[in-house]
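Architecture and fold: a report
Given next are the chains, with one letter for each unit.
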Amino acid sequence: MPEEDPRIIELREMRAKSRQGGGKERIAAQHAKGKLTARERIEILLDSGTFQELEPFVTQGHDETSPEPSKIPGDGVVTGFGKIDGRTVYVYSQDFTVQGGSLGEMQSHKICAVMDLAVRNGSPIVGLIDSGGARIQEGVRSLGGYAEIFRRNALYSGIVPQISVIMGPCAGGASYSPALTDIIIMVEKTSYMFLTGPDVIRTVTHEEVDAETLGGAMTHHTVSGLAHLTAPTDQDALATVRSVLSYLPNNNVENPPVAGSGDPANRMDEELNHLVPIDPGVPYSMHNAIHRIVDSGSFMELLGGFARNAIVGLARMDGMPVGIVSQEPDMLGGSVDIDASDKICRFVRFCDAYNIPIITFVDSPGFIPGTDQEYRGIIRHGAKVLYAYAEASVPKISIVTRKAYGGAYVVMSSKYMGTDVCFAWPSAEIAVMGAEGAANILYRRQLKDAADPEAERARLVEEYRQRFCNPYAAANAGYIDDVIEPRETRLRVIAALAALRDKTVQALPRKHGNMPV
Ligand code: HXC
């Protein structure tokens, strides 16, 4: 056996050293917090044995406080590529054991390098974020490093899917990077995001708040609408990334991957025929309807805790990924407000960017009235939904299940907004407004003069309901393609999706529109 080449021995030693991150003690501290290390996370995220690391020998941290260049293993980030379900993804994972995962110039170079490779190759980017933010010793170099990442987040948006997993601190301006990406997943209890932390808030506003309440996973999932999904552990969060990617194409010129579906395409669901109560004032669960219509177990709701009067999420129909948009009549009667508008608008644009057909269920009495919403700009926010639907060129199918009044009807994927196929259930009420409101306006004088105004109002409301609150006036006018039994929704939608598979829309040439934001 010839003697080992000393240069190869040296390489192995250097590799082993670079894999130690910040050393045993810091790794133990990381584990004690219930967090995995940067490398352990990558191993769990990717298909076993597929990770190929890039630039592990980068150590050149620039320290404004020292004449010597600092030696930081991997510069606090592990980058490279590997596979998820056999498809290539590019990944970076910040190493909190190395200077708190703080971002210096070379860490930024490493992250930008994998982002550039991902776009050149047309593959998704996954960022695992666990960092104290801009590396203080590197001064403006670290700020420039963030700017380089933000610029790529923005320019690559809509080209390849970008997913951020927040697995520790993500504070200050650093939080703008995930905010620019398509999907944010936060680990409960161990991650947080905020622009200014509790100490600064205490000093400036004298407000007392802890990090978890200010920017923990639940806060961003339910209050700010930043975190699409949360997970109880690092392992769960990484499994969630794999699930999300299973619905997405590698890039904006590919179609999303069709999965095998054990659910028959022609399955009827008799329960759906009994779902919508006869009394229009009695709510029902649209979540229930969605679960019954899409491929069994395939619905992945996004932002499920935020603006719960609206529903958005990914699902499959006969194995084909689709985006689901709806209102939840069980919540605020399904009315649309500012937060619901933002939630729907961004999701519609996300689906359109990645060639995911959009299926919209409509049951909404309209936008929430009142000064609060008007003063905060409900018109501006509602316009975004119109804009997003009008601009979306993917196959669009809508199903009116019950109320589709006024603006909500028009905005939420009506035929003349460019929806390809519009269905309505027999319970649909497509009208300018609900019967009560309409009767008060139309018959004001008649009601004033009536001997028994209440009895007259009831009679007129019923008359209006008979005449307008049904799907047939819209179907007669060609606004609805067909009135269908609820139980046949699945097969009708799947057939429409198949017929629309090769849809092409020639967009009018322009630099870009001026979306109301
Ligand atoms: C350099 C940092 C660092 C940073 C942490 N460390 N943050 N080093 N720059 N920004 C180092 C610590 O010195 C320590 O080093 C190690 O990381 C672990 O940090 P600890 O404080 O011991 O950990 P912990 O108690 O868990 O607290 C984590 C923390 C805290 C909450 C993140 O470190 C912290 O508050 N850091 C500063 C956060 C911050 O203000 N960042 C700048 C945000 S502004 P040793 O050697 O002891 O292990 C920003 C601007 C971006 O990011 C602008 C873009 C537009």
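Each chain carries its own residue numbering, running from 1 in the direction its sequence is written. Only residues with pLDDT of at least 70 are given local features in this predicted model, and only at 80 or more are side-chain atom pairs given and counted; all residues enter the totals for whole chains, interfaces and linings. Based on all heavy atoms of the structure, the side-chain values leave hydrogens and waters out of the count.

1. A word on the packing of helix α3 (residues 38–45) against helix α10 (residues 234–245)
Fitting a line to C-alpha atoms yields each axis, with helices limited to the stretch in contact; the angle taken between N-to-C directions then spans 0 to 180 degrees. Each helix corresponds to a stretch of at least 4 residues labelled H or I by DSSP, and each strand to a stretch of at least 2 residues labelled E; elements are numbered beginning at the N terminus. Contact geometry for α3 and α10: axes closest at 9 Å, N-to-C directions at 40°. Put simply, α3 runs oblique to α10. For the pair α3 and α10, the crossing hand works out as right-handed. Across from Arg41, Ile44 and Leu45 in α3, the residues of α10 making contact are Asp234, Gln235, Leu238, Val241 and Arg242. Looking at the contact of α3 with α10, its residues break down into 4 nonpolar, 1 polar and 3 charged. An angle counts as roughly parallel when it lies under 35 degrees, as roughly antiparallel when it exceeds 145, as roughly perpendicular when it falls between 65 and 115, and as oblique in every other case. By convention the crossing between two helices is left-handed if the near helix lies anticlockwise of the far one by an angle smaller than a right angle, and right-handed if it lies clockwise. Whether two residues are in contact is decided by their heavy atoms, any of which lying within 4.5 Å being enough. Gly falls in the polar group here, along with every residue not listed as nonpolar (Ala, Val, Leu, Ile, Met, Phe, Trp, Tyr, Cys, Pro) or charged (Asp, Glu, Lys, Arg).

2. A closer look at the packing of helix α12 (residues 338–353) against helix α14 (residues 378–391)
Closest axis-to-axis distance for the α12/α14 pair is 8 Å, and the angle between their directions is 20°. Taken together, the axes of α12 and α14 are roughly parallel relative to one another. Here the hand of the crossing between α12 and α14 comes out left-handed. Mapping the contact onto sequence places Ile338, Ser341, Asp342, Ile344, Cys345, Val348, Arg349 and Asp352 in α12 and Ile378, His381, Gly382, Lys384, Val385, Tyr387, Ala388, Tyr389 and Glu391 in α14. Within the contact of α12 with α14, the residues separate by chemical class into 9 nonpolar, 3 polar and 5 charged.

3. A word on the site of the ligand
By convention in these notes, a residue is near a molecule or strand provided one of its non-hydrogen atoms lies within 4 Å of it. Around the ligand, 20 residues are found, and the nearest of them are Arg26, Gly100, Gly132, Ala134 and Ile136. At 3.2 Å, a side-chain N or O of lysine 33 approaches an oxygen atom of the ligand. Here a polar contact means two N or O atoms within 3.5 Å. Within protein one must be a hydrogen donor candidate and the other an acceptor candidate, and residues neighboring in sequence count only if both atoms are side-chain atoms. At a separation of 2.9 Å, an oxygen atom of the ligand approaches a polar backbone atom of alanine 134. Where accessible areas are quoted, they stem from the Shrake-Rupley method and a 1.4 Å probe; at the residue level, only the protein chains shown are allowed to cover. Here the ligand has 1,000 Å² of accessible area as a free molecule, and 52% of this is covered by the chains. Listing elements by their share of the shell around the ligand, those giving two or more residues are α5 (140–155) and β7 (162–171). For the shell around the ligand, the class distribution of residues is 10 nonpolar, 7 polar and 3 charged.

4. Description of the pairing of β7
To sort residues, take the accessible area from a 1.4 Å probe on protein chains only and compare it with the maximum for the residue type: under 20% means buried, over 50% means exposed, and anything in between is partly exposed. The buried fraction of β7 is high, at 9 of 10 residues. When strand β6 (residues 125–131) meets β7, the two strands line up parallel, connected through 6 bridges. Following the sheet pairing, serine 131 is matched in β7 by cysteine 170. The handedness of the β6 to β7 crossover, carried by α5, is right-handed. At least two bridges found by DSSP between two strands are what make those strands a pair. Inspection of the sheet shows β7 paired to strand β8 (residues 183–187) by 4 bridges, in the parallel sense. Directly across from isoleucine 163, in β8, lies its bridge partner isoleucine 183. Of the strand pairs in this sheet, β7 and strand β9 (residues 192–194) are connected by 3 bridges, and their pairing is parallel. The partner of alanine 171 across the bridge, within β9, is phenylalanine 194. With its strands directed away from the observer, a crossover is right-handed exactly when the path from the first strand over the helix to the second travels clockwise.

5. Structural notes on α14
Each helix should span, by expectation, one fewer than its residue count multiplied by 1.5 Å. An ideal rise of 1.5 Å per residue puts 20 Å on 14 residues; α14 measures up with 20 Å between its terminal C-alpha atoms. Buried residues of α14: Ile378, His381, Gly382, Lys384, Val385, Tyr387, Ala388 and Tyr389, and no others. In this fold, the buried residues of α14 make contact with β13 (320–327), α12, β14 (358–364), α13 (371–375), β15 (396–405) and α15 (406–411).

6. Regarding the pairing of β8
Extensive coverage of β8 is indicated by the burial of 5 of its 5 residues. Pairing between β8 and strand β10 (residues 229–231): 3 bridges, direction parallel. Within the sheet, the bridge partner assigned to isoleucine 185 lies in β10 and is leucine 229.

7. Some words on α10
Along an α-helix, residues three or four apart share an orientation, since each turn contains 3.6 residues. For α10, which comprises 12 residues, the first-to-last C-alpha distance of 17 Å matches the rise-based estimate of 16 Å (1.5 Å per residue) to within 8%. Of all the residues in α10, the buried ones are Asp234, Ala237, Leu238, Thr240, Val241, Val244 and Leu245. Around the axis of α10, the buried residues are gathered within 150° of arc, so they sit on the same side. The directions from the helix axis to the C-beta atoms form the arc being described.

8. Observations concerning the packing of aromatic side chains
Centres within 6.5 Å are what make two rings of Phe, Tyr or Trp a pair, Trp counting through its six-membered ring; a difference in plane orientation under 30 degrees is then read as stacked, over 60 as edge-to-face, and the rest as tilted. For the structure shown, the criterion picks out 7 aromatic pairs. With 4.7 Å between their ring centres and 65° between their planes, tyrosine 416 and tyrosine 479 make a pair best called edge-to-face. Highlighted residues: tyrosine 416 in the loop between α15 and β16 (421–424) and tyrosine 479 in the loop between α19 (472–476) and β18 (482–483), separated in sequence by 63 residues. A relative accessible area of 55% means that tyrosine 416 is categorised as exposed. Every member of this aromatic cluster is reached through a ring pair, and the members are Phe347, Phe350 and Tyr354.

9. Considering the pattern of salt bridges
We define a salt bridge as a side-chain nitrogen of Lys or Arg found within 4 Å of a carboxyl oxygen belonging to Asp or Glu. As enumerated under the stated definition, the model contains 36 salt bridges in all. Here arginine 41 makes a salt bridge to aspartate 130, at a shortest N to O gap of 3.0 Å. Here aspartate 130 lies in strand β6 and arginine 41 lies in helix α3, a separation of 89 residues in the sequence. Here arginine 41 matches aspartate 130 in class, with each residue buried. Between arginine 402 and aspartate 363 there is a salt bridge, and its shortest N-O distance comes to 3.6 Å. Separated by 39 residues along the polypeptide, arginine 402 in strand β15 and aspartate 363 in strand β14 bring together distant segments of the chain. If you follow the salt bridges from partner to partner, you end up with Asp263, Arg267, Asp269, Arg292, Asp295 and Arg490 in one network.

Coordinates in, geometry out; function isn't part of it.
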